[in-house]
Amino acid sequence: RGVCSLITTLIVHLFLYHFTTSTTKLFIDGKFVESKSPEWLDIHNPATNEVIGRVPKATHEEMLAAVDSCSRVYHTWSETSILARQQIFLRYQQLIKDNIKELAKLITLEQGKTLADAEGDVFRGLQVVEHTCSITSLMLGETLPSITKDMDTYTYRMPIGVCAGITPFNFPAMIPLWMFPMGMVCGNTYLLKPSERVPGCALMLAKLLQDAGAPDGTLNIIHGQHNAVNFICDHPAIKAISFVGSNQAGEYIYERGSKNGKRVQSNMGAKNHGVVMPDANKENTLNQLVGAAFGAAGQRCMALSTAILVGEARNWLPELVERANGLRVNAGDQPGADVGPLISPQAKERVNSLIQSGVDEGAKVLLDGRNVKVKGYENGNFVGPTIVSNVTPDMKCYKEEIFGPVLVVLEADSLDDAIKIVNKNPYGNGTAIFTTNGAAARKYTHEVDVGQIGVNVPIPVPLPMFSFTGSRASFRGDTNFYGKQGIQFYTQIKTVTSQWKAEDATLKSPAVTMPT
Ligand code: NAD
């Protein structure tokens, strides 16, 4: 295994080199192929804005070839023994572990987040792959013997066909790994369209999956933007779509895909509130809040982007500012970096204008990261940690998802008032309460209408034995990502009712009434 692992690592190094010096390939029928598209997009390093590669908008013929490959292989793959599929994913999780550093380097190069955070990105996806290795238990059906005399009923969980995933830029490893391993281990074949801004990581993950033994055509990867998305929503062979990204895209994909009779699960934007009670452990709470607001430069759907300071906790603001001010803004691959760049100059401009909208509407900027300068990276998309206080729910900087290193701070007189604010916000992705009072924590978890709640845990993303359960405007669909719900999403139930009589079972006359 040592030699195999070394060879794979060498290949991945070559892949990394190749990726950064040339064009992004499509992955069709087990081959990394150059697109014939006349339309290409530049990929930038967010820390410098240098062009580091180009990604094609796949042609219609290429997208058709990818789906045809998925369809062709589906019949053999879905009939492959579940133990054989399990073995592939057991090997896959090991290969991801062996190559976590290389994957993280590529994520930092394309996406900008710090290397340590990029490893976390891979690790949280790896946990889903590890979970898929329990498929022999997860896919169990149900049985009920002796429904009537000599008659038993049992269910099978069956795959559904070709499934597709459309992913955002902010987690180049974790989010694709929420999707294709779950879909494939259930016996489906998979078409992935990664974010055109960070397409390299998905290809490296595909290479490792191929090395783990996944047959050609079980995973295909296309690139592009709207055309590719519309193609996925419309192609009749695709039975289910998993989407993660903004509300604008997610609502559209949910509607277009559903209209075409597909299952769609759509995880979207957020505005996550951290409610700070005056009895909370101050040291712990302030550190958690700062880490969860500014980590990954705030480009996480579970970033704690809004603080509600209850009662006397409002006096903690100066210390909150001091801690945020201590974070180091730098390129993600530089030692000691805490906050990396935003994904693009447009994202930086948008974040800066939302900060300004707060000022214009009467909020106070207690810490202003808009003019941060990073030595040696003057062209990067950096915004330093920013804290905006005196914010009210009618302000634009509160209503819109900022998706940058900006913490907006509201105040409330009581826990009831804080709960009212959170429940009035349309999003329901995540929230956290910081308190040492069990009764307050219990009240909060029961009354707040949000899908994922942390009690003294700032980013309560569930591990994959549970599911990712964002709610309200943060989610469209019936079954969530990964965990038991993920298995439900990627399978359908077949119910068998059988009768085996020991004595002669021959009917003497036709049975024309409904069997009871
Ligand atoms: P995005 O919606 O711009 O892009 C996501 C995907 O959709 C990409 O593959 C892109 O090519 C495609 N796309 C973009 N605009 C489209 C459109 N108008 N029509 C059809 N397809 C389109 O999202 P992003 O900027 O890459 O990611 C950031 C967003 O994702 C944030 O809103 C964040 O909260 C959200 N997000 C949510 C979760 C979650 O689990 N709830 C996780 C991560 C990110």
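These numbers come from a predicted model, not from an experiment. Sequence order as written defines the numbering, with residues in each chain counted from 1. Totals for whole chains, interfaces and linings use all residues, but because this is a predicted model, local features are given only for residues with pLDDT of at least 70 and pairs of side-chain atoms are given and counted only at 80 or more. Excluded from the side-chain calculation are hydrogens and water; included are all heavy atoms of the structure.

### Considering the overall build of the protein chain
Now for step 1: Broken down by element type, the protein chain carries 17 helices and 22 strands.
Now for step 2: Along the first, second and third principal axes, the C-alpha set of the protein chain runs to 85 × 55 × 45 Å.
Now for step 3: For every residue, the accessible area obtained with a 1.4 Å probe (protein chains only) is divided by the maximum for its type, and the residue is called buried under 20%, exposed over 50%, and partly exposed between those limits. Among the 516 residues that make up the protein chain, the fraction classed as buried is 56%.
Now for step 4: A total of about 21,800 Å² of accessible surface is found on the protein chain, and carbon and sulfur atoms cover 55% of it. Secondary structure elements are taken from DSSP: a helix is a run of H or I of four residues or more, a strand is a run of E of two residues or more, and numbering for both begins at the N terminus. Residue-level accessible areas treat just the shown protein chains as cover; the underlying method is Shrake-Rupley with a 1.4 Å probe.

### Topic: the site of the ligand
Now for step 1: Whether a residue is near a molecule or strand is decided by its heavy atoms; if any one of them lies within 4 Å of it, the residue is near. The ligand sits among 27 residues. The nearest are Thr-167, Glu-196, Ser-246, Met-268 and Glu-401.
Now for step 2: Nitrogen and oxygen atoms within 3.5 Å of one another constitute a polar contact, given that in protein one can donate a hydrogen and the other can accept it, and given that sequence-neighbouring residues count only through two side-chain atoms. The contact in question runs from an oxygen atom of the ligand to an N or O atom on the backbone of Thr-167, over 2.8 Å.
Now for step 3: Within the side chain of Ser-246, a nitrogen or oxygen atom sits 2.5 Å from an oxygen atom of the ligand.
Now for step 4: Judged by the fraction of its atoms near the pocket grid, the ligand is located in the largest pocket.
Now for step 5: Of all the secondary structure elements, the ones that give two or more residues to the shell around the ligand are α7 (174-185), α9 (226-234) and β10 (238-244).
Now for step 6: Segmentation into domains, and thus their bounds, comes from an automatic or database assignment. For the shell around the ligand, the domains that each give at least three residues are domain 1 (26-268 + 482-495) and domain 2 (273-455). Residues are called lining when one of their atoms sits within 4 Å of a cavity or pocket point, these points coming from a 1 Å grid over the protein atoms alone, where a cavity is a set in which a 1.4 Å probe fits but cannot get out and a pocket is an open set with protein on both sides within 12 Å along at least five of seven lines. If over half the atoms of a molecule are within 2 Å of the grid points of a cavity or pocket, the molecule is regarded as sitting in it.

### Here we look at the pairing of strand β3 (residues 40-44)
Now for step 1: Paired strands, as defined in this entry, are two strands with at least two bridges between them according to DSSP. For β3 and strand β4 (residues 51-56), the ladder comprises five bridges, and the chain directions are antiparallel. The partner of Trp-40 across the bridge, within β4, is Pro-56.
Now for step 2: Adjacent in sequence and paired antiparallel, β3 and β4 are bridged by six residues, among which Asn-49 carries a positive phi angle near 65°.

### Description of unusual backbone geometry
Both trends apply: most residues other than glycine have a negative phi, and most peptide bonds are in trans.
Now for step 1: Even without being a glycine, Ala-296 presents a positive backbone phi close to 55°.
Now for step 2: With respect to the helices and strands, the residue Ala-296 is situated in the loop between α11 (282-294) and β13 (306-310).
Now for step 3: Ala-296 gets classed as buried once you look at its relative accessible area, which sits at 11%.
Now for step 4: Phi angles above zero are rare outside glycine, and Tyr-482 is one such case at about 45°.
Now for step 5: Residue classification places Tyr-482 among the buried positions, given a relative accessible area of 3%.

### A word on the sheet that holds strand β18 (residues 431-434)
Now for step 1: With mixed pairing, the seven strands of this open sheet are ordered in space as β14-β15-β16-β13-β12-β18-β19. Strands at the two margins of the open sheet, each flanked by one partner only, are β14 (364-367) and β19 (453-455). Adjacent strand axes in the sheet meet at a mean angle of 20°, parallel and antiparallel pairs treated alike.
Now for step 2: Across the sheet, helix α16 (residues 438-447) is in contact with β12 (273-276), β18 and β19; its angle to β18 comes to roughly 165°. Throughout, an axis means a line fitted to C-alpha atoms (over the contacting stretch in the case of helices), and angles, computed between N-to-C directions, take values from 0 to 180 degrees. Here, residues are in contact when the closest pair of their heavy atoms is within 4.5 Å.

### Describing the packing of α9 against helix α10 (residues 247-259)
Now for step 1: Here α9 crosses α10 at 35°, and the two axes come no closer than 8 Å. The handedness of the crossing between α9 and α10 comes out as right-handed. Residues Val-229, Asn-230, Cys-233 and Asp-234 of α9 pack against Tyr-252, Ile-253, Arg-256 and Gly-257 of α10.
Now for step 2: When residues are sorted by character, Ala, Val, Leu, Ile, Met, Phe, Trp, Tyr, Cys and Pro go into the nonpolar class, Asp, Glu, Lys and Arg into the charged class, and all the rest, Gly among them, into the polar class. A class-by-class count of the residues in the contact of α9 with α10 yields four nonpolar, two polar and two charged. Crossings are classed by handedness, with left-handed meaning an anticlockwise turn of the near helix from the far one by less than a right angle and right-handed meaning a clockwise turn.

### A word on the side chain of Gln-265
Now for step 1: When you line up the elements, Gln-265 lands in strand β11 (residues 263-267).
Now for step 2: Overall, the relative accessible area of 1% leaves Gln-265 in the buried class.
Now for step 3: There is a polar contact of 3.1 Å between the side chain of Gln-265 and the backbone oxygen of Asn-480.
Now for step 4: Contact partners of Gln-265, with chain neighbours within four places excluded, come to Ile-241, Ser-242, Phe-243, Phe-475, Arg-476, Thr-479, Asn-480, Phe-481, Phe-489 and Tyr-490.

### What to know about the layout of surface pockets
Now for step 1: Grid points are joined across faces, edges and corners, and a volume is the space filled by probe spheres set on the points. For the largest pocket, the calculated volume is near 1,500 Å³.
Now for step 2: Around the largest pocket sit 50 residues that line it, and Phe-169, Glu-196, Arg-197, Ser-246 and Ala-249 are the ones nearest its centre.
Now for step 3: Where the lining of the largest pocket is concerned, the elements lending two or more residues are β3, α9, β10, α10 and α13 (345-360).
Now for step 4: Its residues assigned to classes, the lining of the largest pocket shows 23 nonpolar, 18 polar and nine charged.
Now for step 5: Each of domain 1 (26-268 + 482-495) and domain 2 (273-455) contributes no fewer than three residues to the lining of the largest pocket.

### Some remarks on the domain arrangement of the protein chain
Now for step 1: You can read the domains of the protein chain as domain 1 (26-268 + 482-495) and domain 2 (273-455).
Now for step 2: Taking only C-alpha atoms into account, the centre of domain 1 sits 31 Å from that of domain 2.
Now for step 3: Contacts between the two partners involve 18 residues from domain 1, matched on the other side by 23 residues from domain 2.
Now for step 4: When two parts are brought into contact, each loses some accessible area as probed by a 1.4 Å sphere; the total of that loss over both is the buried area. Each partner contributes to the roughly 1,600 Å² buried at the junction of domain 1 and domain 2, and carbon and sulfur atoms together form 58% of this total.
Now for step 5: Linking Asp-117 and Arg-300 is a salt bridge whose minimum nitrogen-to-oxygen distance equals 2.9 Å. Within this document, salt bridges are pairs made up of a side-chain nitrogen of Lys or Arg and a carboxyl oxygen of Asp or Glu, the two lying within 4 Å of each other.

### Let's talk about the nonpolar core
Now for step 1: Side-chain atoms within 4.5 Å are what join buried Ala, Val, Leu, Ile, Met, Phe, Trp, Tyr and Cys residues into a set we call a nonpolar core. Residues Val-275, Ile-387, Val-391 and Leu-407 are the most contacted members of the largest nonpolar core, which totals 65 residues.
Now for step 2: When we break this core down by domain, the ones giving at least three residues each are domain 1 (26-268 + 482-495) and domain 2 (273-455).
Now for step 3: Counting residues in hydrophobic clusters, the runner-up holds 60 residues, among them Leu-106, Leu-126, Met-182 and Met-204.

### A closer look at helix α2 (residues 60-79)
Now for step 1: For α2, built from 20 residues, the straight-helix expectation of 28 Å at 1.5 Å per residue is met to within 8% by its first-to-last C-alpha distance of 29 Å.
Now for step 2: Bend at a given residue is defined as the angle between two axes, one fitted to the seven residues that end at that position and one fitted to the seven that begin there. Most pronounced at Val-73, the bend in α2 amounts to some 45°. A helix's residues, less one, multiplied by 1.5 Å, set its expected span.

### A few points about the confidence of the model for the protein chain
Detail in the predicted coordinates should be disregarded across regions flagged by low pLDDT.
Now for step 1: The predictor rates its confidence in each residue with pLDDT, a number between 0 and 100. This prediction gives the protein chain a mean pLDDT of 96; 96% of its residues lie at or above 70.
Now for step 2: Complex prediction metrics read pTM 0.95 and ipTM 0.99.

### Side note on the packing of helix α15 (residues 415-424) against α16
Now for step 1: At a minimum axis distance of 11 Å, the contact between α15 and α16 shows a crossing angle of 25°. Judged on the interaxial angle alone, α16 and α15 are roughly parallel. Where α15 crosses over α16, the two elements pack in a sense that is right-handed. Together, Leu-415, Asp-416, Ile-419, Val-422 and Asn-423 of α15 and Ala-440, Lys-443, Tyr-444 and Glu-447 of α16 make up the contact between the two elements.
Now for step 2: A per-class count over the contact of α15 with α16 returns five nonpolar, one polar and three charged. In these notes the angle categories are as follows: under 35 degrees is roughly parallel, over 145 is roughly antiparallel, 65 to 115 is roughly perpendicular, and the rest is oblique.

### What about the packing of aromatic side chains?
Now for step 1: Two aromatic rings, drawn from Phe, Tyr or Trp (for Trp, its six-membered ring), form a pair once their centres lie within 6.5 Å of each other, and the interplanar angle then sorts them: stacked below 30 degrees, edge-to-face above 60, tilted otherwise. Using the criterion set out here, one finds eleven aromatic pairs in the structure.
Now for step 2: Geometrically, the ring pair formed by Tyr-154 and Tyr-156 is edge-to-face, given 5.6 Å between the ring centres and 80° between the ring planes.
Now for step 3: In this structure Tyr-154 comes out as partly exposed when scored by relative accessible area, which is 26%.
Now for step 4: Relative accessible area serves as the criterion here: at 41%, Tyr-156 is assigned to the partly exposed category.
Now for step 5: Members of the aromatic cluster, each reached through a chain of ring pairs, are Trp-178, Phe-468, Phe-481 and Tyr-482.
Now for step 6: Should the NZ of a Lys or the CZ of an Arg lie within 6 Å of a ring centre and within 35 degrees of the ring normal, that charge is described as sitting over the ring. Looking at Arg-54, its charged tip hangs above the ring of Trp-40, at a distance of 4.9 Å from the centre.
Now for step 7: Sitting over the face of the ring of Phe-171, Lys-113 holds its NZ or CZ atom 4.0 Å from the ring centroid.

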